[in-house]
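Fold and contact review
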Amino acid sequence: MAITGAVEASGLVKAFGSFRAVDGVDLHVGQGEIFGVLGPNGAGKTTMLKMLATLLSIDAGEARVFGVDVAREPHRVRQLVGVTGQYASVDEDLTASENLWLFGRLQGLRSRDARATATRLLEQFGLEEDAGRPLSKFSGGMRRRLDLAASLIRRPPLIFLDEPTTGLDPRTRGQMWDTIRGLVADGCTVLLTTQYLDEADQLADRITVIDRGRRVAEGTPDELKLSVGNSALQLQLATDSDRLLARDVVCRVAGVEPVLSPDSGRMTVALEVADAAGDVLIGLRQAGVGITSVSVAKPTLDEVFLALTGHDTGQPESTVETMGGVLEEVAS
Amino acid sequence: MSAIASVDVAGVVARTRHRATPAETVSQTLSMGWRALKKMRRNPEQFFDVTLQPLLFTSMFAYIFGGAVSGSVQSYLPLMIPGIVAQTVLTTCMATGVQMREDMEKGVFDRFKSLPIARIAPLAGPMVADLVRYLVAGGLTFATGIAMGYRPHGGIVGVAAAIVLAIFTGWSMAWIFTFIGTIARSARAVQGFSMMILFPLTFLSNAFVPESTLPGWLEAFVKINPVSHLVSATRDLANHDVLSAEVGWTLLAGLVVIAIFAPLSVRSYMRHL
């Protein structure tokens, strides 16, 4: 059998009425990689994932999972893919172990094997003490873990994770990340969607950036960061009214247009080399622009997104900041 | 070992099957039935309708209509009990549809859809579990009647056959309401819509009054109403221990309903994806 990608999709379209939620997306996911689909809320990530998982019909285009056509042979595709949705799809009326037993039975395991698999997975996900408790007593993080465990019963070679850490606290997120890395170490391929830029950065080997149903960029996290320069110089101006003057100085010295954040007097300058930061600072000093804080860092994916789409990710700033990124609000 | 096994993607792909086999379909349906039984045990209020309705309606209808229709409660019971059996079983069907709709809105149905299982299993499973409810409904109605003085001449065999027929008819009719469950927007809508079908069907039948007392046009409808056939068949079995043509018509009607509405329900369920 020829080596095929885990997912090969071309020209995927899903329209709801006149709204094209997914509008001609191409996708190539290699075997054994973690592939991130990054985009803000409503970009079409979940819709795309549902199409690939046979949960939504494909209006146009073609998709194959390990060479199997998704539209023509959905039953075969379902045997190759484990899906963990944005909202835990486990049965609230059953206990954790009953859930896993049921899903094992439905997938052809004998009763005893289904029970053994349930026990093994509950241990692996640290839920063995909660095996017999009703799910209504479970926290959000526990539900997510159970949901992921349910996707792994038949060890599918491809796992779809739809926003696996949305709404989880930082510690639980870290655990989930470790689990996802562990899946790939076991030989799985993972396709995950996320609206958290640092999550894609942390986990994914390759990232596709989706905006309004279209692919706007693709590459490794580092490649994407390079598209906005090697380093980002972040400045906090002492006086907001200096910002036009500061902008002129930056344009003259560094030769690039800074990204301004009008309300807070913050600006970000993308630089080819970190050395150029010194020149910018000297230029600002000579022009008499006061600065209260300076930092030079590799650009975050937030800045990549801004550079690629020309608008911000549309998320509340506080959410993004807790995720370790810095989102600049720009006037459009 | 496990790592090596899961890397063998080509092998896994080669082993995938195009559709669920009939044996798998049965096993998956039974697993879904197990789930529904678990839920029943944890939510016993689901049995309110099948326990209260037989008790309430049997005593109420017997004392209200008994004298007017048949001269006395005692002579009305053989006419009425089969009617109540049909009515109770049909009401239980409606609950099947309403619960299906509620169930489908839960997150776990996303997983059922993503699993390589027969598409009919999530629909048929709860209906298999509902056989318990039909049994309770049918059995309790006869028990209430007998407690009130009803003495079916068909004996144990006749009554048992009548209950089995009622269960089968209820189960087949439930596909209509399951179909409504898959097309309606909400559980409330299923309830409302089902009531509109159910009331004319049960009351425009021979369930509570002899059809000869009705005006001609109504008598014509009552005669073709499948509920009338179920009621007549139940009377023949329970009261006379006779396997009449009415039994055949009832079975045929049930099979026709399954043949039409089971595929429709599955198609509509899949469109929900």
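Going by the structure above, here's the rest.
Thresholds, definitions, all that
Residues numbered from 1 in each chain as written. Chains lettered and ligands numbered in written order. Predicted model: local features only at pLDDT ≥ 70, side-chain atom pairs only at ≥ 80, totals over all residues. Helix = DSSP H or I, 4+ residues; strand = E, 2+ residues; numbered from the N terminus. Buried ≥ 20, exposed ≤ 12 C-beta atoms within 10 Å, placed from the backbone. Contact = placed C-beta atoms within 7 Å. Expected span 1.5 Å × (residues − 1). Arc of directions from axis to C-beta. Nonpolar A, V, L, I, M, F, W, Y, C, P; charged D, E, K, R; others polar. Core = buried A, V, L, I, M, F, W, Y, C linked by C-beta atoms within 7 Å. Pairing = 2+ DSSP bridges.

Considerations on the overall build of chain A
Along chain A, the regular secondary structure elements total 12 helices and 14 strands. Across its three principal axes, chain A shows a C-alpha extent of roughly 80 × 45 × 40 Å. Across the 332 residues that make up chain A, the buried fraction comes to 49%. Taking contacts inside chain A between residues at least 6 apart in sequence as the whole, the part at least 24 apart equals 69%.

Notes on helix 10 (residues 276–287) of chain A
All names here are of chain A. For helix 10, which comprises 12 residues, the first-to-last C-alpha distance of 17 Å matches the rise-based estimate of 16 Å (1.5 Å per residue) to within 8%. Those residues of helix 10 lying buried are Ala276, Ala277, Val280 and Leu284. An end-on view of helix 10 places all buried positions within 110° of arc, on one side of the element. Facing away from the buried side of helix 10 by more than 90 degrees, the exposed set consists of Gly278, Ile282, Arg285 and Gln286. Residues of helix 10 that are buried sit in contact with strand 11 (231–237), helix 9 (243–254), strand 13 (266–271) and strand 14 (291–297). Looking one or two residues past helix 10, Gly288 carries a phi angle of roughly 80°, positive in sign.

A short note on the interface of chain A and chain B
In this assembly, 37 residues from chain A lie in contact with 30 residues from chain B. When residues of the side of chain A that touches chain B are traced back to their parent elements, those giving at least two are helix 2 (74–80) and helix 3 (96–106) of chain A. A per-class count over the side of chain A that touches chain B returns 18 nonpolar, nine polar and 10 charged.

Structural notes on the nonpolar core
Counting 85 residues, the largest nonpolar core has Leu100 and Ala149 of chain A together with Ala86 and Ala166 of chain B as its most contacted members. Sorting elements by how many residues they give to this core places helix 5 (residues 73–104) of chain B first, with 15 residues. Setting aside chain neighbours within four positions, we find Ala166 of chain B in contact with Val85, Ala86, Val89, Tyr134, Gly138 and Thr234 of chain B.

Considering the sheet that holds strand 4 (residues 60–65) of chain A
Think of a sheet as strands paired side by side through backbone hydrogen bonds, with each pair either parallel or antiparallel. Residue and element names in this part refer to chain A. Ordered by their spatial adjacency, four strands build an open sheet running 2-1-4-5, and the pairing between neighbours is antiparallel. Looking at the sheet topology across the chains shown, the edges are occupied by strand 2 (19–29) and strand 5 (68–69). Summarising the sheet, strand 4 and strand 5 pair through two bridges and their orientation is antiparallel. Paired with Val65 across the strands is Val68, a residue of strand 5.

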